[in-house]
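Listed below, chain by chain, are the residues.
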Amino acid sequence: CDRCPELCQSRTQIVNGRGPQHAKVAFVGLGPGQKEDADGRPFIGPAGETANNWLIAAGFKPKTDVYFINATRCIGPKTKEGKEREPTAVEVRNCRSFLMDELEWVNPDIIVPAGGIALETLYNEAKFVGGKTLPITRLRGAVLWQEELGKKMVPILHPASAFHVWANEKYGIADLKKAYREAGLGATVVMLVPSATDLGWWHDYAMRADEIRFIRG
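The rules behind the values
Residues numbered from 1 in each chain as written. Predicted model: local features only at pLDDT ≥ 70, side-chain atom pairs only at ≥ 80, totals over all residues. Heavy atoms only, no water. Helix = DSSP H or I, 4+ residues; strand = E, 2+ residues; numbered from the N terminus. Buried < 20%, exposed > 50% of the residue type's maximum accessible area, 1.4 Å probe, protein only. Contact = heavy atoms within 4.5 Å. Areas by Shrake-Rupley, 256 points an atom, 1.4 Å probe, with all protein chains shown as cover. Axes fitted to C-alpha atoms, helices over the stretch in contact; angles between N-to-C directions. Parallel < 35°, antiparallel > 145°, perpendicular 65-115°, else oblique. Left-handed = near helix turned anticlockwise from the far one by under 90°. Nonpolar A, V, L, I, M, F, W, Y, C, P; charged D, E, K, R; others polar. Core = buried A, V, L, I, M, F, W, Y, C linked by side-chain atoms within 4.5 Å. Lys, Arg positive; Asp, Glu negative; His and termini not counted. Salt bridge = Lys/Arg side-chain N within 4 Å of Asp/Glu carboxyl O. Disulfide = S-S within 2.5 Å. Pairing = 2+ DSSP bridges.

Looking only at helices and strands, the chain has nine helices and nine strands in total. Every one of the 217 residues in the chain was classed for burial, and the buried ones make up 45%. Across the chain, contacts joining residues at least 24 apart in sequence account for 66% of those joining residues at least 6 apart. Surface exposure of the chain reaches about 11,400 Å², of which carbon and sulfur atoms provide 53%.

So this is what it looks like as C-alpha cells:
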C-alpha cells in the first residue's frame, strides 16, 4: 500500500490483523508499535500484553476468542521526543477500508474499539452530540451499534492508558466483562436503583450493568 507516503518511509512492514475468523470479539486498537512493526503482528508489545491480561480477566480466551487488529497498519515516524507519533486523520481515513473489509471477513460477535481513535474510526457519530466532542472516557462501556457491519460495539480505554493511570485497568476489565456478556458468553447484569437516585455518582456502576431498573425507595 502506498496511500500514506510518510508511513511508507517509517514502516518496516504492514501489520495486518491476527486471530481466528468468526472470533467472539474483534479487538481494535490504534496502530502498531516498534515490536509489531518488526514482527508483523498486532498487539504483541507492552499494550498487547496488558490487553491479553484484561481479556483473560474478563473471561475471554485470547488465542481462540479474539481477533486483534488496528485502525492503522503502519508505524508512524518518530517525534522530536523519540516517540512514534499518532496517525493523522488522513492516515486513519486511508486505512479505514482495509479495517472494514477485514472486520467483515472476521464477522465477530462483538467489536471492542480500544481508545478514542479506534472508536471514532468505527463510530464517528458517537463523537458529536450537540456539536460537542464526547471523549472516550464518557463513551467507554456503552453498548453502541456499528451500522455498516451490523455489529454491537463496547468501547474501552486503550490498554496503554493504564501505564499512566493505574485505575484505568479496572475500567478496562469491567467494560470487557460487559462485552463478554453482550457477545452472549455470560449472564446479564441488572442494576436496581431507587427512583429518586441521582445517577451522577452511580455512573461507574451503571456503565457495568446491561440493564438499569428504577425501583421505589
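Attention now moves to the packing of helix H3 (residues 46–58) against helix H8 (residues 168–182). Relative orientation of the contacting elements H3 and H8 amounts to 50°, with a least axis distance of 8 Å. Considered as vectors, H3 and H8 are oriented oblique to each other. Where H3 crosses over H8, the handedness of that crossing is right-handed. Within the contact between the two elements, H3 uses Trp 54, Leu 55, Ala 57 and Ala 58 and H8 uses Asn 168, Glu 169, Gly 172, Ile 173, Leu 176, Lys 177 and Tyr 180. Class assignment of the residues belonging to the contact of H3 with H8 gives a composition of seven nonpolar, two polar and two charged.

Right, let's talk about the nonpolar core for a bit. Of all hydrophobic cores here, the largest spans 22 residues; its most connected members are Val 28, Leu 103, Ile 111, Leu 119, Leu 122 and Met 153. Looking at this core, the elements with two or more residues in it are strand S1 (25–29), strand S2 (66–70), helix H5 (89–106), helix H6 (116–122) and helix H7 (136–139). Considering every element that reaches this core, the biggest residue donor is H5, with four residues. Discounting residues that sit within four places of it in the chain, Val 28 has contacts with Ile 69, Asn 70, Ala 71, Leu 99, Leu 103, Ile 111, Val 112, Pro 113, Ala 114, Ala 118 and Leu 122. Counting residues in hydrophobic clusters, the runner-up holds 20 residues, among them Ala 51, Ala 58, Leu 176 and Ala 179.

We now examine the side chain of Asp 65. Relative to the elements of secondary structure, Asp 65 occurs in helix H4 (residues 62–65). Within the buried core, Asp 65 has no salt-bridge partner, and the shortest N-O distance to an opposite charge, that of Lys 24, equals 5.9 Å. In contact with Asp 65, not counting residues within four places along its chain, are Ala 23, Lys 24, Val 25 and Phe 60.

With that settled, consider the state of the cysteines. Inspection of the entire model under this criterion finds zero disulfides. Free of any disulfide, Cys 8 has its nearest cysteine sulfur in Cys 1, 6.4 Å distant. By relative accessible area, which is 26% here, Cys 8 ends up partly exposed. A disulfide-free cysteine, Cys 95 has its sulfur positioned 6.4 Å from the sulfur of Cys 74, the nearest such atom.

Our focus in this paragraph is the sheet that holds strand S7 (residues 151–153). Pairing in this open sheet of five strands is mixed, and the strands run S2-S1-S3-S7-S6 from one edge to the other. Sheet topology places S2 and strand S6 (144–146) at the edges, where each strand pairs with a single neighbour. Across the sheet, the axes of successive neighbouring strands diverge by a mean angle of 30°, strand direction being ignored. Across three bridges, the pairing between S6 and S7 is antiparallel. Across the sheet, the residue bridging to Trp 145 is Lys 152, located in S7.

Note that every value here comes from positions in space, so none of it alone points to a role or purpose.
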